[in-house]
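# Structure at a glance
Residues per chain, in single letters:
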Amino acid sequence: MLEGRRLWFVGIGGAGLSSYAFLSRAWGAEVGGWDRVQTPYLRRLDGVRVEIAPEPVVPEGWEAVVSSAYPGVTGTSRAEFLAELVSLRPSIVVAGAHGKTTTTGMIAFTLAELGRDPAWLIGGEIAQLGGNAGAGEGWLVVEGDESDRTVEQLRPEIAVVTNVELDHHSTFSSAAELEELFARWVANVPHVVRGWEHEPAALELAVPGEHNRRNAAAALAALELAGVPRAEAEPVLARFRGAGRRYEVVGERNGVTVVDDYAHHPSEIEATVAAARERMNGRVLVLFQPHLYSRTRHLGRELGAALSTADAACVTEIYRAREEPVEGVSGKLVVDALGPGVRAGWAPTVEDGARLVASWARPGDLVLTVGAGDVERAGTMILESLR
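Residues numbered from 1 in each chain as written. Predicted model: local features only at pLDDT ≥ 70, side-chain atom pairs only at ≥ 80, totals over all residues. Heavy atoms only, no water.

### What about the packing of aromatic side chains?
- Applying the stated rule across the entire model yields 5 aromatic pairs.
- Geometrically, the ring pair formed by Phe-9 and Phe-81 is edge-to-face, given 5.7 Å between the ring centres and 75° between the ring planes. With Phe-9 in strand 1 (residues 6–10) and Phe-81 in helix 2 (residues 78–87), the pair connects residues that are 72 residues apart, well separated along the chain. Here Phe-9 and Phe-81 have matching classes, each one buried. (Phe/Tyr/Trp six-rings, centres within 6.5 Å; stacked < 30°, edge-to-face > 60°. Helix = DSSP H or I, 4+ residues; strand = E, 2+ residues; numbered from the N terminus. Buried < 20%, exposed > 50% of the residue type's maximum accessible area, 1.4 Å probe, protein only.)

### A look at helix 4 (residues 175–186)
- Look at helix 4: 17 Å from first C-alpha to last across 12 residues, which is about the 16 Å you get at 1.5 Å a residue.
- Buried within helix 4 we find Leu-178, Leu-181, Phe-182, Trp-185 and Val-186. Buried residues of helix 4, seen end-on, are gathered within an arc of 120° and therefore sit on one face of the element.
- The elements touched by buried residues of helix 4 are strand 6 (91–95), strand 10 (158–161) and strand 11 (191–194). (Expected span 1.5 Å × (residues − 1). Arc of directions from axis to C-beta. Contact = heavy atoms within 4.5 Å.)

### A word on the pattern of salt bridges
- For the structure on display, the rule yields 22 salt bridges.
- Ionic pairing is found between Arg-213 and Glu-210, a salt bridge with its closest N-O pair at 3.2 Å. Linking Arg-213 with Glu-210, this pair stays in helix 5 (residues 210–225), spanning 3 residues, or about one helical turn.
- The exposure class of Glu-210 is partly exposed, given its relative accessible area of 38%.
- Arg-377 is the salt-bridge partner of Asp-374, the closest N and O atoms lying 3.2 Å from each other.
- The exposure class of Asp-374 is partly exposed, given its relative accessible area of 25%.
- Here the residues in one salt-bridge network are Arg-5, Glu-63 and Glu-84, joined through shared partners. (Salt bridge = Lys/Arg side-chain N within 4 Å of Asp/Glu carboxyl O.)

### A word on the pairing of strand 4 (residues 63–66)
- For strand 1 and strand 4, the ladder comprises 4 bridges, and the chain directions are parallel. Among the inter-strand pairings, Val-10 is bridged to a residue of strand 4, identified as Val-66.
- Across 2 bridges, the pairing between strand 4 and strand 5 (residues 76–77) is parallel. Bridged to Val-66 within strand 5 is Ser-77. (Pairing = 2+ DSSP bridges.)

### So, the packing of helix 7 (residues 266–279) against helix 8 (residues 293–307)
- Axis separation between helix 7 and helix 8 bottoms out at 8 Å; the angle between their running directions is 5°. If you check the angle between helix 7 and helix 8, you find them roughly parallel. Each of Pro-266, Ile-269 and Glu-270 in helix 7 lies in contact with helix 8, whose residues at this interface are Leu-299, Glu-302, Leu-303, Ala-306 and Leu-307. (Axes fitted to C-alpha atoms, helices over the stretch in contact; angles between N-to-C directions. Parallel < 35°, antiparallel > 145°, perpendicular 65-115°, else oblique.)

### Quick look at the sheet that holds strand 12 (residues 248–253)
- Sheet architecture is open: 6 strands sit in the order 12-13-17-14-15-16, paired in mixed fashion. If you trace the sheet from one side to the other, it starts and ends with strand 12 and strand 16 (343–347), each paired once. In this sheet, adjacent strand axes meet at a mean angle of 15° when their direction is disregarded.
- Where strand 14 (residues 284–288) meets strand 15 (residues 312–316), 4 bridges bridge the pair, whose relative direction is parallel. When the bridges of strand 15 are listed, Leu-285 appears paired with Ala-312.

### Describing the sheet that holds strand 6
- Read from one edge of the open sheet, 6 strands run 8-7-9-6-10-11, paired in mixed fashion. On the outer flanks of this sheet lie strand 8 (131–135) and strand 11, each paired with one strand and no other. Each strand axis lies, on average, 20° off the axis of its neighbour in the sheet, ignoring direction.
- For strand 7 (residues 119–126) and strand 9 (residues 140–143), the ladder comprises 3 bridges, and the chain directions are parallel. What sits directly across from Trp-120, in strand 9, is Val-141.
- Contacts between helix 2 and the sheet are confined to strand 6, strand 7 and strand 9, with strand 9 contributing the most and set at about 155° to the helix.
- Its contacts with the sheet place helix 4 against strand 6, strand 10 and strand 11, and it is angled at close to 160° to strand 10.

Okay, here's the thing in structure tokens:
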């Protein structure tokens, strides 16, 4: 389908573009790319030419596909290229504020296990599928992204909207604006699944939490639209063990279990703490790294309230990602919003936070490392401190 194309991915080491490169190669294109550093996502691109350099490189004779992180580079945008891929195959696109990666993974996993041979593009690692991308001959299952409005460009056969809640305050001025985006998108899609219209799946899942039962309900509805009877799908979906950084068990030492999760919005944090309480009878301790100054400024109080559902919470400084610092906005806003019943801690760095939370832990506790930045590295630090 892409035979004769020479595609150069600027930002090829990211979760998104690495998966696009993987599928493009399988669909006949010659692929290569640039990134600043080696990343784990590049492991599945053996034999692909990858330039590692401080600044973007685009060789002559190649068609550039550019990550949204590098708007100054001339070429086809990530969103435009994804829209092209979706147009080439009957597709299912999953979007929404929360649960996108897990729900997309549930659909792709179930199709694969039932021999439906899907292709997939997912914004996280799915160990049971072998990675974040696959190149089967069946349905193309895609995780969409509303954070930069690009989901509106996609034209699948089936759209899944897991839920709608304002999360990207630098893109949307209000919840109404976000709702309008989704309404415009699904108006152009033949079949739509709205997660909130379905009761949580009454299944014993391998992944804990009410939020995952809701994800499963949306996945089952989409699979039915794709021609998979619910009676066939349910026992397979129940075996789905989750995505990377979604309630991912890091390890256990001296009776303390450490779990890592990507939750960065108040609703996600509260759902993750509730899931932990389903699995464990002991205390739940959280190390939280806020993500983005804009989100922390707008949701600092709500983040504190969500963390207060745990028994103890330590907050680090904000992971800035693509944003510049904002005067007066720091992780301390979240600490100040913690409730009176929760043990509170402040740690400027992830390393400091790991040491502090480890000092709090005792046998029977579950420690959550939570956030969308680089807090995942704290899990092994905590386990080392528990020796």
